[in-house]
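Topology and contacts: notes
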Amino acid sequence: VWSTKGITSPDFKEVFIQVTDSMYLQKGFQFRFFNYATLSGSFDMWHLDYIRLGRFRRNNDAIDDLTIVSPPHSYIKDYTSMPWSHFKKDPISYTILDFEVNMKNLSEYGKPFTNYYKVFDSTSEVFSSTSVSQTCDADIAAQPGLPFKVCHFLNSSIQNNFSFPTTGKLNEERVTFWVLNSTKASPDVNIENDTISTKQIFDTYYSYDDGTAEQAYSVNEAGAMVAYKFNSVKTDTLEAVLMSFPDMLEDMSDRRFKIIVWTDLNSDPIYEGVLREPKVNGVHDFNRYPLADPVVVSGEFYVGWLQTLQKKMYVGFDLNIDNSQNIFYTVNNGSDWFNTSFKGSLLVRPDFGQANVPSAGIKGLEIVETEIDNIFNFYPNPVQYFLTIAAIDIGIHEYQIFNLQGKLILSNSFSTSTQLNIGDLAPGAYLLKVTNSSSDYTQNETLIVR
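Residues numbered from 1 in each chain as written. Predicted model: local features only at pLDDT ≥ 70, side-chain atom pairs only at ≥ 80, totals over all residues. Heavy atoms only, no water.

As a further point, take the nonpolar core. Core analysis: the largest hydrophobic core is formed by 62 residues, its most contacted members being Phe164, Met243, Val303, Trp305, Leu346 and Val348. Counting residues in each nonpolar core, the second largest holds 18 residues, with Phe376, Ile401, Phe414 and Leu432 among its members. (Core = buried A, V, L, I, M, F, W, Y, C linked by side-chain atoms within 4.5 Å. Buried < 20%, exposed > 50% of the residue type's maximum accessible area, 1.4 Å probe, protein only.)

Here is the structure:
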C-alpha cells in the first residue's frame, strides 16, 4: 500500500496511510514493513518511529502531543566520557555550563509546558533541577508543529549549581550517573515520549563518540597513519587503546596494523606497537589493545594506527557528534599531516586502566592480547597471477623466490610494497624469503602457485 526509495537524509518523513476496506476493520488486523537491503553489512539502515493507528483520523492531521526528540550527547566538556580519576580532580571545571533538550510540538496550537531533570547514581537521587517553562528563545509556549529547544543550566549560578558529586566515590575506578529529563503538558495524548533517561559514564577512558557507528572510516594506502587528538587533564599512564571494527562487506582478516602514540605530530612517536589484527565482533563492539610498554602522557597527545596494506581497514565512525577537527592522517610516513574532511567521531578511545565500556548497543569488551610478530604480509596465497608483498616498515626490503630444489627463480628489492607477476611460474609450491636489509629480519613463507 506504500513504498519509498532509500535516501541519505537522517530526517524522519511523516506518512499517512488510510485503512478503509471493511475486511481490515476488525479484530486481529495486522500490517508489516519490509526492507529490501544489502545483507552483507551496515549499509541500508532505516528506522521507524511513532506508528499510530487511530479512529476518525484524516490525512495530515496533527497529534496533540509534546515530545522529546533527543537528549544531550554528554554533560561534560569536550568528551562523551572521561576517566573518573581525571574528572574528580576538578569536577566543576569539567562539567558543561548548560545543555539543551531537543523537543517538538506536534499539535496544531501553542502549548504551555514545564521541563525539569533529575540526576541519580547507582543508589539514589543526587539532584533535582528547577523546572523551566519556556523555550530557549524565550517564547513561553511551544509553537505549533515546530521543533524547539529547552535550555538547562548546570554549573552556573543562573539557575542551578550542579556538577556530578564525588562524595563517597573518590576511591571508585568507574562511576555512572543517570540523567532523567521530563516534560509535562496538558492535554497530551502520549505521555510515554515525555521522559528520557541518559547515562553519563566515567570509566578509565576518554571518548568523543556516542558508542554507535553509523558509518566506517578508512584510509587505503600501505604505510598510511591516522592520528586522533586527545587532551589528558592530568599526568597518567596510557595502558591500552579501545577500537571498534564494524562488520563490513570486506573480510579484514588479512589486514594488520600497529598502534601508535604521539605527543606531537611534528615529532617521532613515543610508542609504536607490534602488528595487530582488526577483530570484528559486532556492529558496535570494542576491542581492547594493551600497549606492550605503557606510556605516560599529560596534556595533548594522539593515539592512532599505521596500516600495512593498501586495502582499507574500517574503523567505526559516529556521525552524530562531529570531532573531525581532532582527526588527522598521513600517507607519506608522517612528513605531511592532513585534517580529515569527514564530519564525525572515530570509535577509538585511549584507556588509562581496564575499561568496562558499558555503552548503548555494546555487548561487551573483547581484550586482544595476541601479538603478531611478522612484519611482512603476502596475498593472495594460493596465487595464480599477481602476488602482493607489503611491509609494515618503510625501508629497503628484498624478496627471493626459490623452487623446492633450492634454485632462485625471482628476486628484487622494494620499499613498503610490491606486486609480482608470477603468471609464468609452473603450478606448485615455492619458498618465499623476504629480508629487511636494515634489521636483518627475515621472514619465510610457503607460496602456492595455482
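Having seen the model, we can carry on.
Quick look at the side chain of Ser207 now. Here Ser207 lies in the loop between strand S8 (195–203) and strand S9 (215–217). Polar contacts involving the side chain of Ser207 include one to the side chain of Thr80, which spans 2.6 Å. Not counting residues up to four positions away in its chain, the partners in contact with Ser207 are Tyr79, Thr80, Ser81 and Arg349. (Helix = DSSP H or I, 4+ residues; strand = E, 2+ residues; numbered from the N terminus. Polar contact = N/O pair within 3.5 Å; in protein donor to acceptor, adjacent residues only side chain to side chain. Contact = heavy atoms within 4.5 Å.)

This brings us to the pattern of salt bridges. The full count for this structure, using the stated rule, is 14 salt bridges. Where Arg174 meets Asp203, a salt bridge forms, and the shortest distance between an N and an O atom there is 2.9 Å. Within this pair, whereas Arg174 is found in the loop between strand S6 (147–153) and strand S7 (175–184), its partner Asp203 is found in strand S8, the two being separated by 29 residues in sequence. A salt bridge links Glu300 to Lys229; the shortest N-O distance between them is 3.5 Å. In this pair, Glu300 sits in strand S13 (residues 286–307) while Lys229 sits in strand S10 (residues 225–243), placing the two residues 71 residues apart along the sequence. Classification of Glu300 as partly exposed rests on a relative accessible area of 32%. (Salt bridge = Lys/Arg side-chain N within 4 Å of Asp/Glu carboxyl O.)

Sheet topology note: the strand S2 (residues 82–83)/S8 ladder contains 2 bridges and is parallel. Within S8, the position partnered with Pro83 by the bridge is Asp203. As paired strands, S7 and S8 are joined by 8 bridges and run antiparallel to one another. Along S8, the bridge assignment pairs Asn181 with Ile196. (Pairing = 2+ DSSP bridges.)

By themselves, these observations are geometric and do not establish any function.
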